[in-house]
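A structural walkthrough
One letter stands for each residue in the lines below.
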Amino acid sequence: MTQHLVDPHAPRDLKAFIAGLPKAELHVHHVGSASPRIVSELAARHPDSKVPTDPEALADYFTFTDFAHFIDVYLSVVDLIRTPEDVRLLTYEVARDMARQQVRYAELTITPFSSTRRGIDERAFMDAIEDARKAAEADFGTVLRWCFDIPGEAGLQAAEETARLATDDRLRPEGLVSFGLGGPEVGVERPQFKPYFDRAIAAGLHSVPHAGETTGPQTVWDALTHLRAERIGHGTSSAQDPKLLAHLAEHRIPLEVCPTSNIATRAVRTLDEHPIKEFVRAGVVVTVNSDDPPMFGTDLDNEYAVAARLLDLDERGLAELAKNAVEASFLDAAGKARITGEIDTYTAQWLSR
Ligand SMILES: O=C(O)c1cccc(C(=O)CC[C@H]2O[C@@H](n3cnc4c(=O)[nH]cnc43)[C@H](O)[C@@H]2O)c1
Ligand SMILES: [Zn+2]
């Protein structure tokens, strides 16, 4: 069965507005951003892979029965990235795809453990992402920053390795701004990762774990209490706990909401049941993100269109949503002011047409 997740309801004019709107993306995975074009190029380099290259077959391959199935497929794409040149190609080409959607700034979640354990030299890995980051900024104008995440299910050895790669001054890449925790949540308790987050925070990194994507609100509380989360990846189940919503709103802890992802992994049944509206109603800062866009048959523009429908937003509302992401980002003040200014100018020009 082929996935058709692109929102067919968005009015054409609003779609055009979104397409030109300068945007920031705060929750998007490195390997999960490999488009069919990039997957084909990598698969041609490594023809023994089981990942299909034909776009139709790839759409079927990217149809998931549940979250565990999604992770299995995700790891098969990870297996396509075997050399520093693969890492560079993926990173640079992902930035090209972002620039096409007017993404001015993105915090890309990278799992260095998955690459180093597959034999990529750690120094060469860091050089590859940094080289791609600089080239992408020069060639496309898209500013990239990194979040290094622990693949939680891989255990504390993965946590130790990720913390080491993120905090060792000889290795730590210039673009690294934050530290995360990804993968399945069931049976992967957040508190056990406290020492690794403590080290990352002491080294100046921001804390942005996934929480409440596939488990209940207690996981979000744990991420706040033990991992000192400054933003929450997904946080979907927060809607089940009014005290948690009030806490997130009062402390201005933004949620990185990824609506289509939640449907694709079956964390939420339908878009109309997505709790994004409850978050906004409770005063929580909401940002909209694409997570693993080609795998979920979406892109950031489509996530904005979905949000516009679910939250009943017009152009001004969409501009506010885009500014939420800029404000919640770890960009410096001058960078934030630049993109916010661009959003305001673009919106004013659009509305005075
Ligand atoms: O790389 C390994 O060898 C390995 C061994 C055991 C477990 C894992 C993982 O669980 C990797 C998970 C992988 O998934 C990424 N990801 C992408 N999208 C999401 C999401 O929506 N929620 C949680 N994780 C996600 C994550 O960044 C990890 O890289 C790996
Ligand atoms: Zn994610």
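Note that the coordinates shown come from a computational prediction; the quantities given were computed from them, not determined experimentally. (Residues numbered from 1 in each chain as written. Chains lettered and ligands numbered in written order. Predicted model: local features only at pLDDT ≥ 70, side-chain atom pairs only at ≥ 80, totals over all residues. Heavy atoms only, no water.)

Taken together, His 27 (NE2), His 29 (NE2), His 210 (NE2) and Asp 291 (OD) make up the protein donors of the zinc ion (ligand 2), found 2.0 to 2.3 Å from the metal. Coordination at the zinc ion (ligand 2) is irregular: its four donor atoms span angles of 85 to 173° at the metal. In primary-sequence terms, the residues that donate to the zinc ion (ligand 2) follow H-x1-H-x180-H-x80-D. Of this pair, His 29 sits in strand β1 (residues 23–29) while His 210 sits in strand β6 (residues 210–211), and the two are 181 residues apart along the sequence. (Donors = N, O, S within 2.8 Å, 3.2 Å for Na, K, Ca; no water. Tetrahedral: all angles 85-135°; square planar, octahedral: opposite > 155°, others 65-115°. Helix = DSSP H or I, 4+ residues; strand = E, 2+ residues; numbered from the N terminus.)

Attention now goes to empty space enclosed by the protein. Under the counting rule described, the total for this entry stands at one cavity of 30 Å³ or more. Estimates place the volume of the largest cavity at around 80 Å³. As for the largest cavity, its lining consists of 14 residues, of which Leu 26, Thr 109, Cys 147, Val 208 and Glu 256 are closest to the centre. Looking at the lining of the largest cavity, the elements that each hand over two or more residues are β1, β2 (103–110), β3 (143–151) and β4 (176–182). Looking at side-chain class alone, the lining of the largest cavity contains five nonpolar, five polar and four charged residues. (1 Å grid on protein atoms, 1.4 Å probe; cavity = no way out; pocket = protein on both sides within 12 Å on 5 of 7 lines; lining within 4 Å. Points joined across faces, edges and corners; volume = space filled by probe spheres on them. Nonpolar A, V, L, I, M, F, W, Y, C, P; charged D, E, K, R; others polar.)

Glancing now at the pattern of salt bridges. The tally for this structure, following the rule as stated, stands at 29 salt bridges. Its salt-bridge partner being Glu 93, residue Arg 37 comes within 2.7 Å of it at the nearest N-O pair. Of this pair, Arg 37 sits in helix α2 (residues 36–45) while Glu 93 sits in helix α5 (residues 84–100), placing them 56 residues apart in sequence. On the basis of relative accessible area, Arg 37 is assigned to the partly exposed category, the value being 35%. Between Arg 133 and Glu 130 there is a salt bridge, and its shortest N-O distance comes to 2.8 Å. Taken together, the residues span about one helical turn, with Arg 133 and Glu 130 both in helix α7 (residues 122–140) at a distance of three residues. Across the pair, exposure class does not vary: Arg 133 and Glu 130 are buried alike. Through salt bridges with shared partners, a single ionic network connects Arg 37, Glu 93, Arg 96, Asp 97 and Arg 100. (Salt bridge = Lys/Arg side-chain N within 4 Å of Asp/Glu carboxyl O. Buried < 20%, exposed > 50% of the residue type's maximum accessible area, 1.4 Å probe, protein only.)

All right, on to helix α4 (residues 67–78) then. Across its 12 residues, α4 extends 16 Å between first and last C-alpha, which sits within 8% of the 16 Å expected from 1.5 Å per residue. If you follow the buried residues of α4, they end up packed against β1, α3 (55–61) and α6 (112–116). The opening residue of α4, the one whose side-chain oxygen lies 3.3 Å from the backbone nitrogen of Ala 68, is Asp 66. (Expected span 1.5 Å × (residues − 1). Contact = heavy atoms within 4.5 Å. Polar contact = N/O pair within 3.5 Å; in protein donor to acceptor, adjacent residues only side chain to side chain.)

Quantified by volume, the largest pocket comes out at close to 460 Å³. In this structure, the largest pocket is lined by 33 residues; those nearest its centre are Ile 71, Tyr 74, Leu 75, Ser 114 and Pro 151. Going through the elements one at a time, α4, β2, α6 and β3 are the ones with two or more residues in the lining of the largest pocket. The leading source of residues in the lining of the largest pocket is α4, at six residues.

This next bit is on the sheet that holds β2. With parallel pairing, five strands are arranged side by side in an open sheet as β1-β2-β3-β4-β5. Each edge of the open sheet carries a strand with a single partner, namely β1 and β5 (206–207). Strand contacts of α7: β2 and β3, with the helix running at about 150° to β3, the strand carrying the most contacts. Here helix α14 (residues 300–311) sits on the sheet in contact with β1 and β2, set at roughly 105° to β1. (Pairing = 2+ DSSP bridges. Axes fitted to C-alpha atoms, helices over the stretch in contact; angles between N-to-C directions.)

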